[in-house]
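Structural characterization, general
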Amino acid sequence: MTATRPPALLVLEDGAVFRGTGFGAAGEAFGEAVFNTAMTGYQEVLTDPSYAQQIVTMTAPHQGNYGVNPDDAESDRAQPAGLVVRELARRTSSWRATSSLEDSMSEAGVVGIEGVDTRRLTLRIREAGAMRAGVSTIDLEPGSLTERVRATAGMEGADLAATVSCGRPYRARSVVGEAGPTGGRAFRVAAYDFGIKRNILRLLTRHGCDTTIFPARTPAETVLGGGFDGVFLSNGPGDPAATTYGVEAVRRLLGRLPVFGICLGHQLMALALGGRTYKLRFGHRGTNQPVKDLETGRVQITSHNHGFAVDATGWGPAGEGPVPMVETGHGRVALTHWNLNDGTLEGMRCLDVPAFSVQYHPEAAPGPHDAAHLFARFTELMA
């Protein structure tokens, strides 16, 4: 099987070269080189819209061993530009598998490269930061491919949410196939699709939410006139500061309906509150990020996938106290959650309007379930 695979080349914009063999689709792809530290979950990574225009390196050395299946997909298509692995499994070893990782990537047109020293590549990205990259089974000349990589656009200033969003509104239950709990109040939720993951829709449904998903560019007035009980702001790719339509929608929604934001949704809320965002050196991508909730004192192990973060100093100095607080155009905001690895802001709660957000992924697809209670907090806010 290996002998039939073509040679492949991966280059970074700083001139680093990695040779291997191609798998999945033949061809070439360009994007931002990032790494994910999760030991499982390659299918969720492959179908997560937040990975649009990125070439993802999986740091765990063995990938594809349990195959892929339709139930674990987080969207209806593959999303990254390319995938980099140390070793690709030669057989699938799960009764749930309906296809192999290699076959699914081939069908989706995603270029992969295996046989790469992913440890060396990850250290390179950690030291130099996320960089533009290219992977090819066609152009195997390092100088030529590197020159073409340097001619591509970077992630800063990239508005990608609309490119992965849905084309028209739809109901969550038509996708996740769950009826939700019986009894109790059903909350009508409008979810902005900036790159939403299906497990978010499952958890909203299980917590009694009848969710309608709207395209990223939907005006706030459409939601405000729809009789909804609350608004959800999803994860998604790209530079939050470039997602101006999302910021404007959130600005108009705050104070008029309860709002819950995750990842890009968290960043858009911060911008709508008058704050700032910035690009992280190499981002957080994996399932083992420790986050402390200052309001409860609890530490949660969380799932992450983001290259930008909210600037905790964007509103000026925070007030003193056990939970830092800032003043915004929509009143006071408590800076509630903090990453214990690098001290970045991971969550906030508005004190004068019904809204809160987190940077990490409480839907845990893949990842730990420590933060799933946030969906119950959203329904309590609507109640």
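Look up a bit, the structure's there.
Now for a look at the structure at hand. In this text the structure is predicted, and so the values were computed from the model without any measurement. (Residues numbered from 1 in each chain as written. Predicted model: local features only at pLDDT ≥ 70, side-chain atom pairs only at ≥ 80, totals over all residues. Heavy atoms only, no water.)

**Topic: empty space enclosed by the protein**
The tally for this structure, following the rule as stated, stands at two cavities of 30 Å³ or more. Taken as a whole, the largest cavity holds about 130 Å³ of empty space. G236, P237, G238, H306 and G307 are the residues nearest the centre of the largest cavity, which is lined by 17 residues in total. Contributions of two or more residues to the lining of the largest cavity are made by α10 (264-272) and β16 (299-311). Counting residues per element, the lining of the largest cavity draws most heavily on β16, which supplies four residues. Partitioned by chemical class, the residues of the lining of the largest cavity number seven nonpolar, eight polar and two charged. Taken as a whole, the second largest cavity encloses approximately 90 Å³ of empty space. In terms of lining residues, the second largest cavity is bounded by 14 residues, among which N36, Y51, S303, H304 and P366 are the most central. When contributions to the lining of the second largest cavity are tallied by element, the ones reaching two or more residues are β15 (276-293) and β16. Looking at which element gives the most residues to the lining of the second largest cavity, the answer is β16, with three residues. Residues of the lining of the second largest cavity, tallied by class, amount to five nonpolar, seven polar and two charged. (1 Å grid on protein atoms, 1.4 Å probe; cavity = no way out; pocket = protein on both sides within 12 Å on 5 of 7 lines; lining within 4 Å. Points joined across faces, edges and corners; volume = space filled by probe spheres on them. Helix = DSSP H or I, 4+ residues; strand = E, 2+ residues; numbered from the N terminus. Nonpolar A, V, L, I, M, F, W, Y, C, P; charged D, E, K, R; others polar.)

**Examining the packing of aromatic side chains**
All chains considered together, the criterion is met by eight aromatic pairs. Measuring from centroid to centroid gives 5.7 Å for Y192 and F194, while their planes differ by 15°, and the two rings are stacked. Relative to F260, the ring of F232 lies with its centre 5.4 Å away and its plane at 75°, an arrangement referred to as edge-to-face. With F232 in strand β13 (residues 230-233) and F260 in strand β14 (residues 259-262), the pair connects residues that are 28 residues apart, well separated along the chain. One aromatic cluster in this structure is built from F232, F260, F356, F375 and F378. We note K279 situated over the ring of F308; from NZ or CZ to the ring centre the distance is 5.7 Å. (Phe/Tyr/Trp six-rings, centres within 6.5 Å; stacked < 30°, edge-to-face > 60°. Lys NZ or Arg CZ within 6 Å of the ring centre and 35° of its normal.)

**A few points about unusual backbone geometry**
Residue P366 follows A365 across a cis peptide bond; omega there is -5°. Positionally, P366 belongs in the loop between β20 (355-358) and α11 (373-382). Backbone geometry at Q53 places phi at a positive 60°, although glycine is not the residue there. Summarising the element assignment, Q53 is placed in the loop between α1 (42-46) and β4 (54-58). For Q53, a relative accessible area of 46% translates into the label partly exposed. Backbone geometry places C263, a non-glycine residue, at a positive phi of 60°. The topology assignment puts C263 in the loop between β14 and α10. Judged by relative accessible area, C263 falls into the buried class, the value being 1%. (Buried < 20%, exposed > 50% of the residue type's maximum accessible area, 1.4 Å probe, protein only.)

**Quick notes on the pairing of strand β9 (residues 131-136)**
Among the six residues that make up β9, six are buried, leaving the element largely enclosed by the rest of the structure. Across the two faces of β9 the burial is the same, with M131, A133 and V135 and R132, G134 and S136 all buried. By the bridge criterion, four bridges tie strand β1 (residues 7-12) to β9 in an arrangement that is antiparallel. Within the sheet, the bridge partner assigned to L10 lies in β9 and is V135. When strand β3 (residues 28-36) meets β9, the two strands line up antiparallel, connected through six bridges. (Pairing = 2+ DSSP bridges.)

**As for the pattern of salt bridges**
For the structure shown, the criterion picks out 20 salt bridges. Measuring nitrogen to oxygen at the nearest pair gives 2.7 Å for the salt bridge that ties E248 to R251. Here the residue E248 and the residue R251 both occupy positions in helix α9 (residues 244-253), the gap between them amounting to three residues, near one helical turn. Here D311 ties to R276 by a salt bridge, and the two come within 2.9 Å at their closest N and O atoms. You can see D311 sitting in strand β16 and its partner R276 sitting in strand β15, a full 35 residues away along the chain. (Salt bridge = Lys/Arg side-chain N within 4 Å of Asp/Glu carboxyl O.)

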